[in-house]
Amino acid sequence: MSGLKVSVVVSTRDRAERLEGLLGSLREQTLARGEWEVVVVDNGSVDRTPDVLERIRQEGTLDLRVVTRNRGEGRGPGRNAGWREARGGLIAFTDDDCEADPGWLEAGLAEAAANPQSFIQGRTEPIPREVPSIGPYSRTIRVEAESPFYETCNMFYPRALLEELGGFEDLAAGEDTDLAWRALEAGWSSAWAGDARIFHAVLERGPIGMIRLAFSWSDGMYLLSRHPGIRQAAMNGGIFWKTSHRLLLMAVAGVAIGRFLPPALILAVPYARQLRQRCAAGGIGLTHAPFLVLCDCAEVLAAIRGGVRHGTVVV
């Protein structure tokens, strides 16, 4: 077995520029170079990704190994190919649209050493220079405390855990959440490493892209039927995916009943207040409120569709 302490595993496809940013940030890690490596799994990229990886490998600025796979294979199998090729006892997962704080690996490794029977979740924030571009049509990830979804943009798993569970399953969505909950159900515990920071890109999707993203979450409802603990940990009232969904349905009921019983319109007030708060928190005008309503409607429909498909109750 190699003396490497930790292996960074990244699954990528057609994000050459973003991948360069990630690999550049990894060069700045404070952990001694001989104690870690990077394994990048290229899932059939057709952009500059192969050239970028070959150039960095030849430069020798990182202990970098590349695994090449066929295009179109899933994210879960891609990450599995990476950790199985890795030599470290601890596997640090992040994504190709992220950048690492210089102390990321050192902090994650310290938390893992203090909690040998645990997998570790680290803090995720938007890339600081991209924060000004956050808007109603962009997406990023913030994880400021332990999240029940265990997003793989910043996770540390003991290799022994991955070997025991077989790694990620090939799911349409939520393969990262599924792995963490299978680990919890198998008797492993989780720990939080607030100093192990990853910075996530702010990705501009446009209005149509955001609606498509909302609909894409239908497949994720499968996780609620497979892991009941997620419902208790993350669901609003055990049924609602988000608080905004509950308030939206209250508002719809209030408007419908209000046609015959005007006082029922008060049921729409909490949702209207929340919309105002969301606009203020996002630094956007109330003119964007109709778009937020449309997104909420798309999410509710996606949740109901996914719940029906997978035999679970969720809105």
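In what follows, the structure referred to is the one given above.
Rules used in this analysis
Starting afresh in each chain, residues are numbered from 1 along the sequence in its written order. For a predicted model such as this one, the threshold for reporting local features is a pLDDT of at least 70, and the threshold for listing and counting side-chain atom pairs is 80 or more; totals across whole chains, interfaces and linings nevertheless cover every residue. Side-chain metrics in this entry use all non-hydrogen atoms of the structure; hydrogen atoms and water are not considered. Going along the chain from the N terminus, every DSSP run of H or I of four or more residues is numbered as a helix, and every run of E of two or more is numbered as a strand. Computation of the radius of gyration draws on C-alpha atoms, with the globule rule given as 2.2 Å multiplied by the number of residues to the power 0.38. Whether two residues are in contact is decided by their heavy atoms, any of which lying within 4.5 Å being enough. Under the convention used here, a 1.4 Å probe and the Shrake-Rupley method define accessible areas, while residue burial counts only the protein chains that appear. The term salt bridge refers to a pairing of a side-chain nitrogen on Lys or Arg with a carboxyl oxygen on Asp or Glu at a separation within 4 Å. Buried means the residue's accessible area, taken with a 1.4 Å probe over protein chains only, is under 20% of the maximum for its type, while exposed means over 50%, and partly exposed covers the values in between. Under the rule applied, a polar contact is a pair of N or O atoms within 3.5 Å (in protein, one hydrogen donor and one hydrogen acceptor; residues adjacent in sequence only if both atoms are side-chain atoms). Only residues above 30% relative accessible area that lack a salt bridge enter a patch, with like-charged residues linked at up to 9 Å and the nonpolar side chains Val, Leu, Ile, Met, Phe, Trp and Tyr linked at up to 5 Å. To obtain each axis, a line is fitted to C-alpha atoms, and for helices this fit is confined to the stretch in contact; angles are then taken between N-to-C directions over 0 to 180 degrees. We call two directions roughly parallel when the angle between them is under 35 degrees, roughly antiparallel when it is over 145, roughly perpendicular when it lies between 65 and 115, and oblique otherwise. Here the term charged refers only to Asp, Glu, Lys and Arg, the term nonpolar to Ala, Val, Leu, Ile, Met, Phe, Trp, Tyr, Cys and Pro, and the term polar to all other amino acids, Gly among them. Only strands joined by at least two bridges in the DSSP assignment are considered to pair. Each Phe, Tyr or Trp ring (for Trp, its six-membered ring) is paired with any other whose centre lies within 6.5 Å, and the angle between the two planes then decides the class: stacked below 30 degrees, edge-to-face above 60, tilted in between. Counting as a charge over the ring demands two things of the Lys NZ or Arg CZ atom: a distance within 6 Å of the ring centre and an angle within 35 degrees of the ring normal.

**Re the overall build of the chain**
Now for step 1: Helices and strands together make up the secondary structure of the chain, namely 12 helices and 10 strands.
Now for step 2: At 21 Å, the chain has a C-alpha radius of gyration in line with the 20 Å of a compact globule built from 315 residues.
Now for step 3: Across its three principal axes, the chain shows a C-alpha extent of roughly 75 × 40 × 35 Å.
Now for step 4: Across the chain, every contact between residues at least 6 apart in sequence was considered, and the portion connecting residues at least 24 apart equals 79%.
Now for step 5: When the accessible surface of the chain is split by element, carbon and sulfur atoms take 55% of a total near 14400 Å².

**Examining the pattern of salt bridges**
Now for step 1: Summed over the entire model, instances satisfying the criterion amount to 28 salt bridges.
Now for step 2: The salt bridge partner of R197 is E125, with a shortest N-O separation of 3.5 Å. With R197 in strand β9 (residues 189-200) and E125 in strand β6 (residues 118-126), this residue pair connects regions lying 72 residues apart in the sequence.
Now for step 3: Classification of R197 as partly exposed rests on a relative accessible area of 28%.
Now for step 4: Since its relative accessible area comes to 21%, E125 is described here as partly exposed.
Now for step 5: The shortest N-O distance in the salt bridge between R142 and E144 comes to 3.7 Å.
Now for step 6: It is possible to trace a salt-bridge network through shared partners that takes in E20, R27, R48, R55 and E59.

**Here we look at the side chain of R79**
Now for step 1: Mapped onto the elements, R79 comes out in helix α3 (residues 75-85).
Now for step 2: A distance of 2.7 Å separates a polar atom in the side chain of R79 from a polar atom in the side chain of E175.
Now for step 3: If we ignore the near neighbours within four places in the chain, the residues touching R79 are V9, S11, F93, D95, T152, F168 and E175.

**Structural notes on the environment of H245**
Now for step 1: Note that H245 resides in helix α10 (residues 243-258).
Now for step 2: Placed 52 residues apart in sequence, H245 and C297 show a C-alpha to C-alpha distance of 7.9 Å.
Now for step 3: Non-local contacts of H245, meaning those with residues more than four positions away in its chain, are made with F240, D296, E299, V300 and V315.

**Regarding a nonpolar patch on the surface**
Now for step 1: Nonpolar side chains collect at one region of the surface, where I257, F260 and L261 lie side by side and expose about 340 Å² of accessible area between them.
Now for step 2: In this fold, L261 is placed in the loop between α10 and α11 (269-281).

**Some thoughts on the side chain of D96**
Now for step 1: Within the secondary structure layout, D96 lies in the loop between β4 (90-93) and β5 (98-100).
Now for step 2: On the accessibility criterion, D96 (6% relative accessible area) is buried.
Now for step 3: One polar contact links D96 to T12, side chain to side chain, over a distance of 2.8 Å.
Now for step 4: Only 2.8 Å separates the side chain of D96 from the side chain of R15, close enough to count as a polar contact.
Now for step 5: Contact partners of D96, with chain neighbours within four places excluded, come to V10, S11, T12, R13, R15, R18, L19 and L22.

**Let's talk about the packing of α10 against α11**
Now for step 1: Packing of α10 against α11 brings their axes to within 8 Å, and their N-to-C directions diverge by 135 degrees. Between α10 and α11, the crossing angle belongs to the class labelled oblique. In this structure, α10 uses T243, S244, L247, L248, M250 and A251 to contact α11, whose residues at the interface are P270, Y271, Q274 and R278.
Now for step 2: Classifying every residue of the contact of α10 with α11 by side-chain character gives six nonpolar, three polar and one charged.

**Concerning the pairing of β9**
Now for step 1: Summarising the sheet, β5 and β9 pair through three bridges and their orientation is antiparallel. Paired with A100 across the bridge in β9 is I198.
Now for step 2: Relative to β9, β6 is paired through nine bridges, and the arrangement is parallel. Within the sheet, the bridge partner assigned to R123 lies in β9 and is R197.

**With respect to the packing of aromatic side chains**
Now for step 1: Taken as a whole and assessed by the stated rule, the structure comprises seven aromatic pairs.
Now for step 2: Seen from their ring centres, F119 and Y150 are 5.3 Å apart, and the 75 degrees between their planes marks the pair as edge-to-face. With a gap of 31 residues between them, F119 in strand β6 and Y150 in the loop between β7 (138-139) and β8 (155-158) connect regions that are remote in the sequence.
Now for step 3: A residue is classified by how much of its surface remains accessible, and Y150, at 5% relative accessible area, is buried.
Now for step 4: Aromatic side chains F119 and Y157 sit 5.3 Å apart centroid to centroid with 20 degrees between the ring planes, which places their arrangement in the stacked category. Here the residue F119 occupies a position in strand β6, and Y157 occupies one in strand β8, the gap between them amounting to 38 residues.
Now for step 5: Judged by relative accessible area, which is 0%, F119 ranks as buried.
Now for step 6: In textbook terms, an aromatic cluster arises when at least three aromatic residues are bridged by ring pairs, as seen for F93, F119, Y150, Y157 and F168.
Now for step 7: Here the basic side chain of R79 rests over the ring of F168, its NZ or CZ set 5.4 Å away from the ring centre.

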